[in-house]
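Summary of the model geometry
Spelled out from the first residue to the last, the chains are:
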Amino acid sequence: MVELNAKIPAGDIAEKWDNYKSDMKLVNPNNKRKFKVIVVGSGLAGASAAATLAELGYQVDVFTFHDSPRRAHSIAAQGGINAAKNYHGDGDSVHRLFYDTIKGGDFRAREGNVHRLAQVSVNIIDQMVAQGVPFAREYGGLLDNRSFGGAQVSRTFYARGQTGQQLLLGAYQQLARQIGLGNVRLFNRTELVDTVVIDGRCAGIVVRDLITGEIASHAAHATVLCTGGYGNVFFLSTNAMQCNVTAAWRAHRQGAAFANPCYTQIHPTCIPQADDTQSKLTLMSESLRNDGRVWVPKNADETRSADQIPEEDRDYYLERLYPSFGNLAPRDISSRAAKRAVDSGRGVGPLKNGVYLDFSAAINRLGKGVVQERYGNLFEMYERIAGENPYDVPMRIYPATHYTMGGLWVDYELMTTVPGLYAAGEANFSDHGANRLGASALMQGLADGYFVLPYTIGNYLAPMLNKSTPGVDHPEFKAAETGARARYQQYLDIKGTRSPDWFHRELGKIIWDYCGMERTEQGLEKALSELPPLYEEFQKDLRVTGDGASTNQTLEKAGRVDDFFQLGMLMCKDALERNESCGGHFRAEYQDEEGEAQRDDENFAHVAAWEWTGDPMNATRHAEELEFETIHLAKRSYK
Amino acid sequence: MSNHLTNLTLKVWRQSGPNDGGHFESYRIDSISDEASFLEMLDVLNEKLIGDGKEAVVFDHDCREGICGTCSLMIDGQAHGPQRGTATCQLHMRKFQSNQEIVIEPWRATAFPIVKDLMVDRSAFDRIVEAGGFITAPTGGAPDANLIPIAKPVADASMDAAECIGCGACVAACPNGAANLFTSAKVAHLNLLPQGQAERWSRVEAMVETMDEHFGSCTNHGECEAACPKSISIDFIAMMHKDYRKAKFKNRRLIAQI
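All names here are of chain A. Strand order across the open sheet formed by four strands is 16-10-18-19, with antiparallel pairing between neighbours. In the strand order of this sheet, the two ends are held by strand 16 (407-408) and strand 19 (620-625), each with one partner. The sheet strands contacting helix 16 (residues 553-577) are strand 10 (258-259), strand 18 (606-611) and strand 19, and the helix crosses strand 18 at an angle near 145°.

The relative placement of two aromatic rings is captured by the distance of their centres and the angle of their planes. Residue and element names in this part refer to chain A. As enumerated under the stated definition, the model contains 34 aromatic pairs over all chains in all. Pairing Trp 17 with Tyr 455 gives two aromatic rings, centres 5.8 Å apart and planes at 90°, and the pair type is edge-to-face. Placement of Trp 17 in helix 1 (residues 16-23) and of Tyr 455 in helix 12 (residues 441-461) is noted, with a sequence separation of 438 residues between them. The exposure class of Tyr 455 is partly exposed, given its relative accessible area of 30%. With 5.9 Å between their ring centres and 80° between their planes, Phe 234 and Trp 512 make a pair best called edge-to-face. Placement of the pair is Phe 234 in the loop between strand 9 (222-225) and helix 7 (246-253) and Trp 512 in helix 14 (residues 500-515), with a sequence separation of 278 residues. In this structure Trp 512 comes out as partly exposed when scored by relative accessible area, which is 26%. Three or more aromatic residues link up through ring pairs in this structure, and these residues are Tyr 488, Tyr 491, Trp 502, Phe 503, Tyr 535, Phe 538 and Phe 565. Between Arg 116 and the ring centre of Tyr 412, over which it is positioned, the NZ or CZ distance is 4.2 Å.

Residues and elements named next belong to chain B. The domain architecture assigned to chain B consists of domain 1 (4-115) and domain 2 (122-257). Placing a centre on the C-alpha atoms of domain 1 and another on those of domain 2 gives a separation of 30 Å. With 20 residues of domain 1 in contact, the opposing surface of domain 2 contributes 19 residues. Summing the contributions of domain 1 and of domain 2, the shared interface buries around 1400 Å²; its carbon and sulfur component is 61%. Applying the counting criterion to the domain 1 and domain 2 interface returns one salt bridge.

Peptide bonds are mostly trans, and most non-glycine residues show a negative phi. We note that A:Asn260 has phi near 45°; this positive angle belongs to a residue other than glycine. Within the fold, A:Asn260 resides in the loop between strand 10 and strand 11 (264-270). For A:Asn260, a relative accessible area of 2% puts it in the buried group. At B:Leu73, a residue that is not glycine, the phi angle is positive and equals roughly 90°.

Here the focus is helix 16 of chain A. One turn of the α-helix equals 3.6 residues, which is why residues spaced by three or four share an orientation. Over its 25 residues, helix 16 of chain A runs 36 Å from end to end, which matches the ideal 36 Å to within 8%, given 1.5 Å per residue. By the criterion of burial, helix 16 of chain A is predominantly enclosed, with 23 of the 25 residues buried.

Before going further, it helps to spend a moment on the interface of chain A and chain B. Between chain A and chain B, the residue contacts involve 78 residues of the former and 78 residues of the latter. Taken over both partners, the interface formed by chain A and chain B buries close to 6400 Å², and the fraction arising from carbon and sulfur atoms is 49%. The tally of links from chain A across to chain B stands at six salt bridges. A:Asp67 is the salt-bridge partner of B:Arg122, the closest N and O atoms lying 3.3 Å from each other.

Residues and elements named next belong to chain A. For the structure on display, the rule yields 58 salt bridges over all chains. For Arg 346, the salt bridge identified is with Asp 315, shortest N-O distance 2.9 Å. Residue Arg 346 is located in helix 9 (residues 331-346), and its partner Asp 315 is located in strand 13 (residues 314-315); the two are separated by 31 residues in the primary sequence. Taken individually, Arg 346 and Asp 315 each receive the classification buried, so the pair is uniform in this respect. What emerges from the salt-bridge pattern is a single network uniting Asp 106, Arg 108, Arg 578, Glu 580, Arg 599 and Asp 601.

Residues and elements named next belong to chain A. Strand order in this open sheet of five strands is 5-2-1-9-17, and the pairing throughout is parallel. In this open sheet, the two strands that pair with only one neighbour each are strand 5 (184-187) and strand 17 (421-423). The mean inter-strand angle of the sheet, taken between neighbouring strand axes irrespective of direction, is 20°. Pairing between strand 2 (residues 59-63) and strand 5: four bridges, direction parallel. Across the sheet, the residue bridging to Phe 63 is Phe 187, located in strand 5.

What follows concerns the packing of helix 5 (residues 180-191) of chain B against helix 8 (residues 235-250) of chain B. Residues and elements named next belong to chain B. The contact between helix 5 and helix 8 brings their axes to 8 Å, and the two run at 70°. Considered as vectors, helix 5 and helix 8 are oriented roughly perpendicular to each other. For the pair helix 5 and helix 8, the contacting residues are Asn 180, Leu 181, Thr 183, Ser 184, Val 187, Ala 188 and Asn 191 in the first and Phe 236, Ile 237, Met 239, Met 240, His 241 and Asp 243 in the second. Class assignment for the residues of the contact of helix 5 with helix 8 results in seven nonpolar, five polar and one charged.

All names here are of chain A. With burial as the criterion, each face of strand 9 is covered, one bearing Ala 222 and Val 224 and the other bearing Thr 223 and Leu 225. The sheet contact formed by strand 1 (residues 36-40) and strand 9 spans four bridges and is parallel. Bridge pairing in strand 9 places Ile 38 opposite Thr 223. Inspection of the sheet shows strand 9 paired to strand 17 by three bridges, in the parallel sense. Residue Leu 225 lies in a different strand from strand 17, and its bridge partner there is Ala 423.

Attention shifts here to the domain arrangement of chain A. Residue and element names in this part refer to chain A. Domain boundaries in chain A define domain 1 (267-401) and domain 2 (479-599). Taking only C-alpha atoms into account, the centre of domain 1 sits 30 Å from that of domain 2. Taken together, the contact between domain 1 and domain 2 spans 14 residues of the former and 10 residues of the latter. Interface area, domain 1 with domain 2, both sides summed: about 890 Å², of which 50% is carbon and sulfur. Ranking the residues of domain 1 by area buried against domain 2 places Arg 336, Lys 339 and Arg 340 at the top, with a combined share of 47%. For the interface between domain 1 and domain 2, the tally reads one salt bridge. On the surface where domain 1 and domain 2 come into contact, there are three residue pairs in polar contact (both at pLDDT 80 or more). Those elements giving two or more residues to the side of domain 1 that touches domain 2 turn out to be helix 9 and strand 15 (395-404).

Reading guide: rules and limits
Residues numbered from 1 in each chain as written. Chains lettered and ligands numbered in written order. Predicted model: local features only at pLDDT ≥ 70, side-chain atom pairs only at ≥ 80, totals over all residues. Heavy atoms only, no water. Pairing = 2+ DSSP bridges. Helix = DSSP H or I, 4+ residues; strand = E, 2+ residues; numbered from the N terminus. Contact = heavy atoms within 4.5 Å. Axes fitted to C-alpha atoms, helices over the stretch in contact; angles between N-to-C directions. Phe/Tyr/Trp six-rings, centres within 6.5 Å; stacked < 30°, edge-to-face > 60°. Buried < 20%, exposed > 50% of the residue type's maximum accessible area, 1.4 Å probe, protein only. Lys NZ or Arg CZ within 6 Å of the ring centre and 35° of its normal. Domains from an automatic or database assignment. Buried area = accessible area lost by both parts, 1.4 Å probe. Salt bridge = Lys/Arg side-chain N within 4 Å of Asp/Glu carboxyl O. Expected span 1.5 Å × (residues − 1). Parallel < 35°, antiparallel > 145°, perpendicular 65-115°, else oblique. Nonpolar A, V, L, I, M, F, W, Y, C, P; charged D, E, K, R; others polar. Polar contact = N/O pair within 3.5 Å; in protein donor to acceptor, adjacent residues only side chain to side chain.

Printed below as a string of C-alpha cells:
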C-alpha cells in the first residue's frame, strides 16, 4: 500500500527549505566515501547531481544509454532558463517566480517544492557562469535577459538559441572532471532495465550493455533516476528518438507511484508532419510569435498559394478570438485553436495539417534586416527542414508534444515512494503542476541536481552508516537479472510480422487522437478499449530481427515500446479519472463559454499517484491533497 | 506537394562488430518523399529489412535537430553529406536525385573504432574533456553571476567555439584523423572567458597531450572546418597552438622564472 507523505517542512513558506537544511542529518566528509550512489541519466539533473555528489565525496556510478553523457536531450532546449535574479530591476523576486510557477501550473503543484525551486534558481545562474557557460551579455558585459510566456518580468537567461546545449555542456564538463579524477565511474551505452527493491528499500539496478547485450546488476545505497520525460509515447513529439519511459516505468513496477501521467504539454509552434515517414517533430522557438501572425484561409476549399489569398479571405483566428493577447495567447490556448482550425478543414500545406505563421507584415514594417537579426537562425533551420524560405512564404506550424509534467511521485526530498530511490528533473512530477512555463525545465533539472539532491540524499544515508546493504549476489538481484534476460529473449522469440516502430506508430496515433490536446470521456474510453488489444498484438506479432548478443537497436526499441504501451494505458486512465480541465489536461466537457479550462478545485485539487498492481488497466489511484497556504486558488487568466 | 525520388541505390557499410572485416551491401529504395530526412530514409530501409527478416542497419542518432551530435555518417565520402553547415539528421532527400547511388559509411578514423555497421566509438573525445575541458568550480561556492562583466565580443567568441556538438565530423574529414578542431573549440570556449583564466595553461597542455595520445596530427588541410555542421572556424586551432606554446613555457617553472 502506497503512502503519500510529502514531508513538507514546517514553517513559513520562505523558511521551509532553510528549516529543512538546519534539521537534516549530515554525513561526515570522511564517511561519504563509504556510500555508493547510482545516477541514471546524464542530462541536466543527472550530470549536475552526479558531479556534485562526487565533489562531496560519495562514490558515484553514472549510467547513460548514450555514447557520451553530453548527448542527453536537455541539449535540445532552445529558449532559456529562468531565475529570480531581478538584474533588470523590474520587480522580480523569489516570491514572484514562485507565484508565476504555481499559477502557470494551474494550481496543481506543491507549494513547498516550487518555492524552493524559485529560491535556488538564483544559485543556478551563479554556478553555471562559474562553469563557463557563455550566456548572452549586454555591451557593458553584464548578463542579458529576455522575457518569456507567463511572466511579466524579464528573468530568462539565454545563450543564443542553444541554452540547453550550453547548460548541459557546463554540467557535463563538471561531471567529466569527476570522471577524470576517478570519483565517478561512467557506464555509457548502458540502459537500465530494472530496479531492485530489497527489504523495502531500493538496493540498486539491473542494466543491459547495449554493445554486448549483457545483463548485470549494480548495488548502491541510493539510486537516482534522472531519465527524462515520456513524450515519445505519442510517437511523434519534439523529444529525441531515444527518449523513453523505461527507467521510470520499471521503477513504477517495483513500487514507485507514478503521478499525474495525463499532464502532458503541447507546444504550439512546431513544424508540421511532412509525410508518413516522419520520425519526429521539430520545435520552432515560441519567440517567433512576437512578430509572426497566425492565420488560415477562411474557406476549406482554398487552393491558392498564401501570397495569392487576399486579406479578406484570411482568418487571423488568434487575433479574432483573443483580441487582447492575439498571436501571443498562451501555449495551450493557441494549440487548441490551431487544432480546431485544422479540424475544420482549413489547414494549410500539402497535407492540410498546419496553420500559417506569417512574417510578411513584420518584414514590411521592420525591414528584412531586422527580422533576420531576430530570427535568422530559426528561419534557416525552418528552411533546412521544410524546404521553403520563410522570408518569401509563410511558415507552416502545428502543435506537438513537447514536455511531460507528470512523472514519478516524489516527496519534498525528491524521494519516490520506494525508500532510497529518487527521481529528479523531468522524470519526477514535482514542480510544474499541470502546465510548465517556458524556460522552467532547465531551471528545475539543475535545481534538483545541484541544490536539492546533494542535501536530501545525505539525510537518507546518514543513518545507514556502517550498516550492511545487499550486494549484487543477493537472490533478488539474480531474480531481476533472470527476468530481464527472459524479457529481451522473449522479444526475439515472438518472431511475428510487425516491427517495434510499427507498433509505436499505432500506439502514438491512439494516444494523440484521444489523449492529446483535447480529451473527452468518450474518446478516452475508446482509447482504453483499443489499447489492450493492440498491446496483445504487440506481444504476439512483434518481429525483432538480429540477436541479443550485440548492438541491436530494434531490440532496444522493443523494450521501450513495451513500456510505452503500459504507460499509455495509465495516461488514459488518469485523464479519464480527472474530471476537470487544468493546464495541459484539457477535457472538452470542462470548459467555460470562452473555451478556457475549467478546474474543479473542490474535487481535484490533488495529485493523482498511481500504484502498480500488475496491470496498468487496474492501477490503484491515490490522492495527495494539495494545500495552498500561501497562494490563493484563482482562475488562471492571462487577460 | 512533395515529390518522390525513385530508384535509389544505397551502398551501406555493414560490419557485425569491431573484429569483423566489414563489407558494402547494396539496397534499393524504390520511392521516398523528398520531404524525408536522410535518417528517415534509413528508417524506411530498416523497416524494409525487418520486413524481410533481416537485421536492421545500426546507426547512431538521437535528437534529429542537429544539436546532440549523436548522428554521423560519411555520405558519398563527405562527413554529414553534401549540405554545408548541416548535420546528417538535418539533411533532407531533396538534396538528392532519383536513380542516384549513395555510398554510406561510418566515420573513418582510427581513434573512432567501429562498434557495428555505421556506429563508432567516439569516447576518445570524452577523454580529452576529462583531461581539462572544464573550469574547476565545485557546486556551491560560486560568486554572483554579474560580479565579472564579460565584454560582449568575448562572450560571443566563446559562444562561437562552444557551439561544437562533438559529433566527430572534423576527425572523420581530416586526412590525418586529427581532432584539433574539436579540442581547440573546447579550449577556446573556456580559455577566452575570465572564469577560465586560472586553469588556462594547464588546461591547454593536458587537453592537447591527451588529444595527441588518441588522434593524428594537424597539417592544416582545413577539411574539418568545411565538414563541421556548426561551421566552427579553424582560427580556434591557431589560438590553441598559441596557448599551447605559451603553456609549455609557463608551466615550466624554472624557465618562467628566468
